[in-house]
Amino acid sequence: MQHILVEEYRGGVLECTHAGHLCGVDDTGTIRYAIGNPLHMTYLRSAAKPFQAISVLQHSIENRFGFTGKETAVMAGSHRGEPFHIEAVESMLRKIGLSEEMLACASTYPLNVGARDDVVRQNSPKRRVYHNCSGKHTGILALCKGLDYDLESYCDPCHPAQLHILRTLASISEMPEEQIPIGTDGCGFPVFALPLDATARAYLKLACPDLIPDAQVRTAVEKLSGLMNEHGEMIAGTDFICSVLLRDANIVAKGGAKGVYGFSLKKERLAFALKVMDGSEEEWPLIIATILEQIGYSNRATIDDLYRISQVQIRNDASRPVGYSKAVFNLTAYHEGAAR
């Protein structure tokens, strides 16, 4: 059963609740913490992007085409369409010799409000490179170009690039391939569903690649996780939660649409996966700050940054405080079969 994670109050009256599921695992793969159902099955959506990017690095495609660190990092990102994001994707396309028309994702405006307003102000059209998944798509097109795979069908679940991604995810999450449901993401890419405990195990490997037996995958993960920390602004954007968390070199993190989030801690060798069941993302900073506080996380600056970007204080359209949000869950040791 799902558990209420966050309550919202306006004028002292409970107005909204946000329920969901949460799972934390240690470096043995054992569930250490659980709220709701730690085995809840959910699509990873964009939280899968780091695992999709691993295939590119396994084949050293980033080196073959001379991608910079920022360009390699944006393959794992859901960028907000800020100018530095677009410059990176455009540069990657030039290096692999493809136009943005090869991208299967739709033309859109940037997600970042300032960047979007600039585009509209200039009467510029929507573009595929503005799509927040264009870095991922460009990376997989580079993989296809480098391995001489068909370019037109790169989003087909049966395409060799997609089959390689599925095998990698299955291995790193410790889930049999045949037990991973596959749907279609908003950008047209195959999207995978995993139980939260398997998602947390996969994220644990991003922080603790020594747990990966395959040397080639391990090397790729070491490089990708390092670049995500070094260039966290490429994973989301200015003051967005993923980029804020990745400024902390001890954390690897990525969110996905409809309320799913995964993050892992290197020194503590812990990983968490959560799902807000109403699909909201606004609660992520508050939920993750609360998790970090409750496990006694030592970097207070990271927790304070999360509270800074969270909506603990609810404001009206004139920016006047009119209410507040609060986390209402307590992490306790998980015991199989215990109700939460």
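Relevant structure appears above.
Residues numbered from 1 in each chain as written. Predicted model: local features only at pLDDT ≥ 70, side-chain atom pairs only at ≥ 80, totals over all residues. Heavy atoms only, no water.

Chemist: Hey, could you go over the overall build of the protein chain for me, with residue numbers and the actual values?
Modeler: Assigned secondary structure in the protein chain consists of twelve helices and eleven strands. What you see for the protein chain is a C-alpha radius of gyration of 20 Å, in line with the 20 Å of a compact globule of 340 residues. C-alpha extents for the protein chain along the principal axes are approximately 55 × 50 × 35 Å. Going through the 340 residues of the protein chain one by one, you find that 56% of them count as buried. Of the roughly 13800 Å² of accessible surface on the protein chain, 49% is carried by carbon and sulfur atoms. Where the 34 positive side-chain charges of the protein chain centre and where its 40 negative ones centre are 2 Å apart. (Helix = DSSP H or I, 4+ residues; strand = E, 2+ residues; numbered from the N terminus. Rg over C-alpha atoms; globule rule 2.2 N^0.38 Å. Buried < 20%, exposed > 50% of the residue type's maximum accessible area, 1.4 Å probe, protein only. Areas by Shrake-Rupley, 256 points an atom, 1.4 Å probe, with all protein chains shown as cover. Lys, Arg positive; Asp, Glu negative; His and termini not counted. Charge placed at Lys NZ, Arg CZ, Asp CG, Glu CD.)

Chemist: Break down the layout of surface pockets for me, citing the residues and quoting the values.
Modeler: In this model, the largest pocket occupies a volume close to 260 Å³. Ser46, Ser78, Asn132, Ala257 and Glu281 are the residues nearest the centre of the largest pocket, which is lined by 21 residues in total. Looking at the lining of the largest pocket, the element that brings in the most residues is strand β7 (residues 251-256), giving three residues. Considered class by class, the residues forming the lining of the largest pocket number nine nonpolar, seven polar and five charged. Here the second largest pocket defines a volume of roughly 220 Å³. (1 Å grid on protein atoms, 1.4 Å probe; cavity = no way out; pocket = protein on both sides within 12 Å on 5 of 7 lines; lining within 4 Å. Points joined across faces, edges and corners; volume = space filled by probe spheres on them. Nonpolar A, V, L, I, M, F, W, Y, C, P; charged D, E, K, R; others polar.)

Chemist: I'd love a proper account of the state of the cysteines, names of residues and values included.
Modeler: Structurally, a disulfide amounts to a covalent bond that connects the sulfur atoms of two cysteines. Under the defined criterion, the tally for this structure stands at zero disulfides. Of all cysteine sulfurs in the structure, the one in cysteine 133 sits closest to cysteine 187, which takes part in no disulfide; the separation is 3.9 Å. Taking the relative accessible area as the measure of exposure, cysteine 187 reaches 4% and is therefore buried. (Disulfide = S-S within 2.5 Å.)

Chemist: So what's going on with unusual backbone geometry? Residues and values would help.
Modeler: Located in the positive-phi region is arginine 45, a residue other than glycine, with phi close to 50°. Within the secondary structure layout, arginine 45 lies in the loop between β4 (41-43) and α1 (49-58). Here arginine 45 falls in the partly exposed class, since its relative accessible area comes to 21%. The backbone of serine 319 shows a phi angle near 65°, a positive value even though the residue is not glycine. Take serine 319: it is sitting in the loop between β10 (313-315) and β11 (321-327). Under the relative-accessibility criterion, serine 319 is labelled partly exposed at 48%.

Chemist: Quick rundown of the pattern of salt bridges? Include the residues and the values.
Modeler: This model, assessed by the stated rule, comprises 19 salt bridges. The residue arginine 269 makes a salt bridge to aspartate 27 at a minimum N-O spacing of 2.6 Å. Of this pair, arginine 269 sits in the loop between β8 (260-265) and β9 (270-276) while aspartate 27 is found in the loop between β2 (13-26) and β3 (31-35), placing the two residues 242 residues apart along the sequence. You can call aspartate 27 partly exposed: its relative accessible area is 32%. Here the salt bridges share partners, and the residues they tie into one network are Glu174, Asp197, Arg201 and Lys205. (Salt bridge = Lys/Arg side-chain N within 4 Å of Asp/Glu carboxyl O.)

Chemist: Pulling in residues and values, what's your account of the packing of helix α11 (residues 284-294) against helix α12 (residues 300-309)?
Modeler: The interhelical angle for the contact between α11 and α12, taken along N-to-C directions, is 155°, at an axis separation of 8 Å. As summarised for this structure, α11 and α12 are arranged roughly antiparallel, according to the angle between their axes. α12 is crossed by α11, and the crossing has left-handed handedness. Contact residues: Pro285, Leu286, Ile288, Ala289, Thr290, Leu292 and Glu293 in α11; Arg300, Thr302, Ile303, Leu306, Tyr307 and Ile309 in α12. Each residue belonging to the contact of α11 with α12 can be placed in one class, and the counts come to nine nonpolar, two polar and two charged. (Axes fitted to C-alpha atoms, helices over the stretch in contact; angles between N-to-C directions. Parallel < 35°, antiparallel > 145°, perpendicular 65-115°, else oblique. Left-handed = near helix turned anticlockwise from the far one by under 90°. Contact = heavy atoms within 4.5 Å.)

Chemist: Break down helix α8 (residues 196-207) for me, with residues and values.
Modeler: Its twelve residues place the ends of α8 17 Å apart at the C-alpha level, agreeing with the 16 Å of an ideal helix rising 1.5 Å per residue. Counting buried positions over the twelve residues of α8 gives twelve, a clear majority of the element. Along α8, the residues that are buried comprise Leu196, Asp197, Ala198, Thr199, Ala200, Arg201, Ala202, Tyr203, Leu204, Lys205, Leu206 and Ala207. (Expected span 1.5 Å × (residues − 1).)

Chemist: Give a detailed account of the sheet that holds strand β6 (residues 190-195), specifying residues and quantitative values.
Modeler: Backbone hydrogen bonds are what pair the strands of a sheet, in a parallel or an antiparallel way. Here we have three strands laid out as an open sheet, ordered β4-β6-β5, and antiparallel in their pairing. Bordering the open sheet on either side are β4 and β5 (182-184), each of which pairs with just one other strand. For this sheet the average axis-to-axis angle between neighbouring strands, irrespective of direction, equals 35°. Both β5 and β6 contribute to a ladder of three bridges, which runs antiparallel. In the sheet register, glycine 183 faces β6, and the bridge partner there is valine 191. (Pairing = 2+ DSSP bridges.)

Chemist: Explain the packing of aromatic side chains to me, using residue names and the numbers behind them.
Modeler: The full count for this structure, using the stated rule, is seven aromatic pairs. Residues phenylalanine 51 and tyrosine 203 carry aromatic rings whose centres are separated by 5.2 Å and whose planes lie at 90° to one another, so their mutual orientation is edge-to-face. With phenylalanine 51 in helix α1 and tyrosine 203 in helix α8, this pair connects stretches of sequence that are 152 residues apart. When its relative accessible area of 1% is taken as the criterion, phenylalanine 51 is described as buried. Measuring from ring centre to ring centre gives 4.8 Å for tyrosine 261 and tryptophan 284, while their planes differ by 65°; the resulting arrangement is edge-to-face. On the criterion of sequence distance, the pair formed by tyrosine 261 in strand β8 and tryptophan 284 in helix α11 is long-range, its members being 23 residues apart. For the pair tyrosine 261 and tryptophan 284, a shared accessibility class is recorded, and that class is buried. Of the aromatic side chains, those joined through ring pairs into one cluster are Tyr33, Phe263 and Phe272. The ring of phenylalanine 240 is capped by arginine 80, whose NZ or CZ atom sits 4.1 Å from the centre of that ring. One Lys or Arg, arginine 127, reaches over the ring of tyrosine 130 and ends 5.5 Å from the middle of that ring. (Phe/Tyr/Trp six-rings, centres within 6.5 Å; stacked < 30°, edge-to-face > 60°. Lys NZ or Arg CZ within 6 Å of the ring centre and 35° of its normal.)

The analysis is restricted to geometry; functional conclusions fall outside its scope.
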